[in-house]
Number of protein chains: 2
Amino acid sequence: MAGARREGRPAVIGDVARLAGVSPQTVSRVMNERPNVREETRRRVLEAIRQLDYRPNLMARGLVRRQAHTIGVISFDSVLFGPASTLLGIGRAARAAGYGVTIVTPEGFDRGSIIDAMSDLTSHTVAGVITVFPSQQAATNALFNLPAGLPAVAVEAAPDESVPTVRIDQAEGVRMAVEHLLRLGHSTVWHVSGPRERMDAQARIEAWRSTLEQAGRPTPQVVAGDWSAESGYQAGLELGERQGVTAVFAANDHMALGLLRAFHELGVRVPEDVSVVGFDDIPEAGYLIPPLTTVRPDHGEVGRRSVEVLLRLLDGQDVEDVPYVVPTLVRRASTAAAPN
Amino acid sequence: MAGARREGRPAVIGDVARLAGVSPQTVSRVMNERPNVREETRRRVLEAIRQLDYRPNLMARGLVRRQAHTIGVISFDSVLFGPASTLLGIGRAARAAGYGVTIVTPEGFDRGSIIDAMSDLTSHTVAGVITVFPSQQAATNALFNLPAGLPAVAVEAAPDESVPTVRIDQAEGVRMAVEHLLRLGHSTVWHVSGPRERMDAQARIEAWRSTLEQAGRPTPQVVAGDWSAESGYQAGLELGERQGVTAVFAANDHMALGLLRAFHELGVRVPEDVSVVGFDDIPEAGYLIPPLTTVRPDHGEVGRRSVEVLLRLLDGQDVEDVPYVVPTLVRRASTAAAPN
DNA sequence: GCCAGGTTTGGCAACGTTAACAACTCGGCT
DNA sequence: AGCCGAGTTGTTAACGTTGCCAAACCTGGC
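This text gives an overview of the structure that appears in the document. Every value quoted in this text rests on a predicted model; they were computed, and no experiment measured them. (Residues numbered from 1 in each chain as written. Chains lettered and ligands numbered in written order. Predicted model: local features only at pLDDT ≥ 70, side-chain atom pairs only at ≥ 80, totals over all residues. Heavy atoms only, no water.)

### Overview of the overall build of chain A
Here comes step 1: Assigned secondary structure in chain A consists of 12 helices and 11 strands.
Here comes step 2: Relative to its length of 340 residues, chain A is extended, with a C-alpha radius of gyration of 26 Å against a globular reference of 20 Å.
Here comes step 3: Principal-axis analysis of the C-alpha atoms gives chain A an extent of 90 × 40 × 35 Å.
Here comes step 4: For chain A, buried positions account for 59% of its 340 residues. (Helix = DSSP H or I, 4+ residues; strand = E, 2+ residues; numbered from the N terminus. Rg over C-alpha atoms; globule rule 2.2 N^0.38 Å. Buried < 20%, exposed > 50% of the residue type's maximum accessible area, 1.4 Å probe, protein only.)

This is the structure in structure tokens:
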């Protein structure tokens, strides 16, 4: 019978055309919501589409239109709360704009694993790329190995000014945390940092230092951690024994959590003896012992905004400065006035 | 000059062919590592590829070969540790097998948002689909709306036996947790559950109940939570006031964390007065106060295995039963002998 | 020097869609 | 009646790749 779908195979545009008694071109017009199709014709086509359960082949469409319908994302640490939230924001915003999202997670920061991970992104399958990397080296490896002309946006770390970058305003977040502690009467604030090669860790160290300097306070030695609760715990064992430590700013909540535990073991009371502030506002932050005062960056907003910038790039516009995403300070019970 | 790349556009196979002085067909053979290409010819082609930075167009390739190079994943709660780890496992395994991964996260469990989220997966862009859903309803909505003939694998929740399903052995994990507590001398174990409409929550409730029954112990009323630390906290306030509660099994670590905090507030000591066991082994579990005894499911393995099963399906094999992924019990300091 | 059999290479068509253009329809106007 | 133009529809070719088949090229044996 005319218009029957070919055996076993999914329907294609020609099948729909035959069933509706029009040309493939007209079906294409209906699919793409172009004007100048008689209402009656449109109805017939739509009905045929429904009957055959026709779904346009995006690969064929991408081929003629010379454009992909997907955004590529290269992300590290995608299991962590922050990056995972950013990824979710990217996914939602991309889909709203009609793009799919392909996510790759390289094994390491080195050039080899990053190029390896990117291999399918570079094969004309993505319209543009967003990197979500905490390290400048990784971002450089990724962005300098992209095919020429492929639009890219960096989240957090970028090799230089040539790539539009969406960032959390680390400096502002840290300033809020440190000033909060100073206002509570602490004479200075110690810092447990993330790994120094990470951009965000570095940015937080610098913001912490400069806030203290501007307030005319001494800047203690940085205690280096690696984002993990374990490293926060080790830092806590060290700081808890030390004289005169009354306020600690940890570069993320996981380390703050380790700190809390170390202080608890040592009999150092939080917040009576020492105040602690974290960074991230992980979902459990409010239920730690004690509930953690922390800086909340809006990772979802970072994701949304990076898509927005990429779309502008795809549209041929050029993008100058992207405003920073400003975090907020969430005050809970882990901070209190300095002991005297 | 011969072999020059056409202005501005990325090189295509014809450009490479011209530069190497061979036909496009031969370039294709080299790209796909087919036999019967003279070594000298292969070298010339590879050199041309390098010179032009040629990358094959996967959309064109997919079109002729009638197959996609991507695996579609529909996931819920992708920010949580468990699903995020599964996603990572899927991504790595897929890439190792030469597939990209497209992830979509619907807004809700209802049919509308799921179909909506799936729309691009259904347009011939994916070779197969993996669902990562904690609810049977969601899995049903997804899997019954897939185009006919598209291979699919379910993680955790599936509508029925028709779709191969990769699961954590919830029952075994729960049994380990509950028996651990019983062996410590507790007369029974209370349970703070996840939301009942979630398959995994339901499975844990049932396993908890049957383990107690098999041991001939009374089964207390389930305290219902919703996975969040807040709900664990509320449950803790309730259980902490109750007489005779000496052991609690929380259906996930976040709720266990809330429990710990509530008990702390109430002056109930863990593990001296009450033992607590969680489920998930989130990265911070070992640094809570006290470090949490918990069940560790290998989410990454679940992801890897689901890809493996999907690949078998794509290969035309049919898959009978997929063995459960068995979790392990991680003993830490939140459990101890029952008080007398 | 010739032929059989294998290896290497090229030509053509097809995958499913859309862009560009051509052609047709229809009502209104000269 | 003939013509115009807006609105609607169809035709042709192209996107970049690979499957299929045929052609050209070797190699060694007689």
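After that view, the rundown keeps rolling.
### Section: the protein's contact with DNA strand D
Here comes step 1: Taken together, 26 residues form the shell around DNA strand D, and within it Thr41(A), Ile13(B), Gln25(B), Ser28(B) and Tyr54(B) come nearest.
Here comes step 2: Close to the protein, within 4 Å, the atoms of DNA strand D are drawn from sugar and phosphate at a rate of 65%.
Here comes step 3: Here a phosphate oxygen of DNA strand D and a backbone polar atom of Ile13(B) are 2.5 Å apart.
Here comes step 4: Elements that contribute at least two residues to the surface near DNA strand D include exactly helix H2 (24–31) and helix H4 (58–65) of chain A together with helix H2 (24–31) and helix H4 (58–65) of chain B.
Here comes step 5: Among the residues forming the surface near DNA strand D, the class breakdown is 10 nonpolar, 9 polar and 7 charged. (Near = heavy atom within 4 Å. Polar contact = N/O pair within 3.5 Å; in protein donor to acceptor, adjacent residues only side chain to side chain. Nonpolar A, V, L, I, M, F, W, Y, C, P; charged D, E, K, R; others polar.)

### Things to note about the pairing of strand S3 (residues 128–133) of chain B
Residues and elements named next belong to chain B.
Here comes step 1: Most of S3 sits out of view: 6 of its 6 residues are buried.
Here comes step 2: Covered by surrounding structure in S3 are Gly128, Ile130 and Val132 together with Val129, Thr131 and Phe133, the residues of both alternating faces.
Here comes step 3: Inspection of the sheet shows strand S1 (residues 70–75) paired to S3 by 5 bridges, in the parallel sense. By the bridge assignment for S3, Val73 is matched with Ile130.
Here comes step 4: Here S3 pairs with strand S4 (residues 152–156) via 5 bridges, running parallel. The residue bridging Val129 from the neighbouring strand is Ala152, located in S4.
Here comes step 5: Taking the sense of rotation as the criterion, the β-α-β connection linking S3, helix H7 (residues 136–143) and S4 turns out right-handed. (Pairing = 2+ DSSP bridges. Right-handed = clockwise from strand over helix to strand, strands pointing away.)

### As for the sheet that holds strand S8 (residues 247–250) of chain B
All names here are of chain B.
Here comes step 1: The sheet built from 6 strands is open, its strands ordered S7-S6-S8-S9-S10-S11 with mixed pairing. Edge positions in the sheet fall to strand S7 (223–224) and strand S11 (328–330), since each has one partner strand and no second.
Here comes step 2: Pairing of strand S9 (residues 275–279) with strand S10 (residues 293–296) involves 3 bridges; the strand directions are parallel. Counterpart to Val277 in the pairing with S10 is Thr293.
Here comes step 3: Packing of helix H9 (residues 199–214) onto the sheet brings it into contact with strand S6 (190–193), S8 and S9, and relative to S6 it is tilted by some 175°. (Contact = heavy atoms within 4.5 Å. Axes fitted to C-alpha atoms, helices over the stretch in contact; angles between N-to-C directions.)

### Side note on the sheet that holds strand S6 (residues 190–193) of chain A
Residue and element names in this part refer to chain A.
Here comes step 1: The strand order across the open sheet formed by 6 strands is S7-S6-S8-S9-S10-S11, and the pairing between neighbours is mixed. On the outer flanks of this sheet lie strand S7 (223–224) and strand S11 (328–330), each paired with one strand and no other.
Here comes step 2: Strand contacts of helix H9 (residues 199–214): S6, strand S8 (247–250) and strand S9 (275–279), with the helix running at about 175° to S6, the strand carrying the most contacts.

### Re the packing of helix H8 (residues 170–183) of chain A against H9(A)
Residue and element names in this part refer to chain A.
Here comes step 1: Following both chains from N to C, one finds H8 and H9 inclined at 45°, their axes separated by 8 Å at the closest point. By the angle between their axes, H8 is oblique relative to H9. Crossing of H8 over H9 shows right-handed handedness. Judged by residue contacts, Gln170, Ala171, Val174, Arg175, Val178, Glu179 and Leu182 of H8 engage Asp200, Ala203, Arg204, Ala207, Trp208, Thr211 and Leu212 from H9. (Parallel < 35°, antiparallel > 145°, perpendicular 65-115°, else oblique. Left-handed = near helix turned anticlockwise from the far one by under 90°.)

### Considering the protein's contact with DNA strand C
Here comes step 1: In the vicinity of DNA strand C, 26 residues are found, and the nearest of them are Ile13(A), Ser28(A), Tyr54(A), Thr41(B) and Val64(B).
Here comes step 2: By atom count, sugar and phosphate contribute 67% of the portion of DNA strand C lying within 4 Å of the protein.
Here comes step 3: Asn32(A) is positioned such that a nitrogen or oxygen atom in its side chain is 3.0 Å from a phosphate oxygen of DNA strand C.
Here comes step 4: Within the side chain of Thr41(B), a nitrogen or oxygen atom sits 2.5 Å from a phosphate oxygen of DNA strand C.
Here comes step 5: Put simply, the parts of the chain that give the surface near DNA strand C at least two residues each are H2 and H4 of chain A together with H2 and H4 of chain B.

### Considering the packing of aromatic side chains
Here comes step 1: Applying the stated rule across the entire model yields 8 aromatic pairs over all chains.
Here comes step 2: Taking 6.4 Å as the distance between ring centres and 50° as the angle between the ring planes, the aromatic pair formed by Phe76(A) and Phe133(A) counts as tilted. Within this pair, whereas Phe76(A) is found in the loop between strand S1 (70–75) and helix H5 (81–96), its partner Phe133(A) is found in strand S3 (residues 128–133), the two being separated by 57 residues in sequence.
Here comes step 3: Judged by its relative accessible area of 13%, Phe76(A) falls in the buried class.
Here comes step 4: According to the relative accessible area criterion, Phe133(A) is buried, its value standing at 1%.
Here comes step 5: When the ring of Tyr287(A) is compared with that of Tyr233(B), the centres are 5.8 Å apart and the planes differ by 55°; the resulting orientation is tilted. Here the residue Tyr287(A) occupies a position in the loop between S9 and strand S10 (293–296), and Tyr233(B) occupies one in helix H10 (residues 229–241), the pair thus bridging two chains.
Here comes step 6: These aromatic residues form a ring-pair network of at least three members: Phe76(A), Phe109(A) and Phe133(A).
Here comes step 7: Lying across the ring of Phe279(A), Arg204(A) places its NZ or CZ 3.8 Å from the centre. (Phe/Tyr/Trp six-rings, centres within 6.5 Å; stacked < 30°, edge-to-face > 60°. Lys NZ or Arg CZ within 6 Å of the ring centre and 35° of its normal.)

### A closer look at the interface of chain B and chain A
Here comes step 1: Across the contact, 56 residues belong to chain B and 55 residues belong to chain A.
Here comes step 2: Of the roughly 5000 Å² buried where chain B meets chain A, counting both sides, 61% is carbon and sulfur surface.
Here comes step 3: Looking only at chain B, the three residues that lose the most surface to chain A are Met59(B), Arg95(B) and Tyr287(B), adding up to 17% of its buried area.
Here comes step 4: In this assembly, chain B and chain A are joined by 4 salt bridges.
Here comes step 5: For the salt bridge of Asp116(A) with Arg95(B), the shortest nitrogen-to-oxygen distance reads 3.5 Å.
Here comes step 6: There are 15 residue pairs in polar contact (both at pLDDT 80 or more) connecting chain B and chain A.
Here comes step 7: If you list the elements that add at least two residues to the side of chain B that touches chain A, you get H4, helix H5 (81–96), strand S2 (100–104), helix H6 (111–118), H10 and helix H11 (253–266) of chain B. (Buried area = accessible area lost by both parts, 1.4 Å probe. Salt bridge = Lys/Arg side-chain N within 4 Å of Asp/Glu carboxyl O.)

### What to know about the relation of the copies chain B and chain A
Here comes step 1: Once chain B is rotated about the relating axis by 180° and shifted along it by 0.0 Å, it coincides with chain A to within an RMSD of 0.2 Å. Taken together, the rotation and translation relating the two chain copies correspond to the operation of a two-fold axis.
Here comes step 2: A symmetric contact is evident, with 98% of the interface residues of chain B recurring at the interface of chain A. (Least-squares fit on C-alpha atoms with pLDDT ≥ 70 in both.)

### Digging into the environment of Asp281(B)
Residue and element names in this part refer to chain B.
Here comes step 1: Here Asp281 lies in the loop between S9 and S10.
Here comes step 2: Sequence-wise, Asp281 and Thr293 are 12 residues apart; in three dimensions their C-alpha atoms are separated by 8.3 Å.
Here comes step 3: There is a polar contact of 2.8 Å between the side chain of Asp281 and the side chain of Arg296.

### Focus: helix H10 (residues 229–241) of chain A
Here comes step 1: Between its first and last C-alpha atoms H10(A) spans 19 Å; for 13 residues at 1.5 Å apiece the expected length is 18 Å, and the two agree.
Here comes step 2: As for H10(A), its buried residues are in contact with S6, S7, S8 and helix H11 (253–266) of chain A. (Expected span 1.5 Å × (residues − 1).)

### Focus: the packing of H2(A) against helix H3 (residues 39–52) of chain A
Residue and element names in this part refer to chain A.
Here comes step 1: Taken N-terminus to C-terminus, the directions of H2 and H3 make an angle of 90°; their axes are 10 Å apart at the nearest point. When the interaxial angle is binned, H2 and H3 end up roughly perpendicular. Residue-level contacts link Thr26, Val27, Val30 and Met31 of H2 to Thr41, Arg42, Val45, Leu46 and Ile49 of H3.
Here comes step 2: Its residues assigned to classes, the contact of H2 with H3 shows 6 nonpolar, 2 polar and 1 charged.

### With respect to the pattern of salt bridges
Here comes step 1: Across all of its chains, the model carries 38 salt bridges over all chains by this definition.
Here comes step 2: We note a salt bridge from Arg305(A) to Glu301(A), for which the minimum N-O separation is 3.1 Å. Of the two residues, Arg305(A) and Glu301(A) both sit in helix H12 (residues 299–314), 4 residues apart, roughly one turn of that helix. For the pair shown, Arg305(A) and Glu301(A) are each scored as buried.
Here comes step 3: Between Arg175(B) and Glu179(B) there is a salt bridge whose closest N-O contact spans 2.6 Å.

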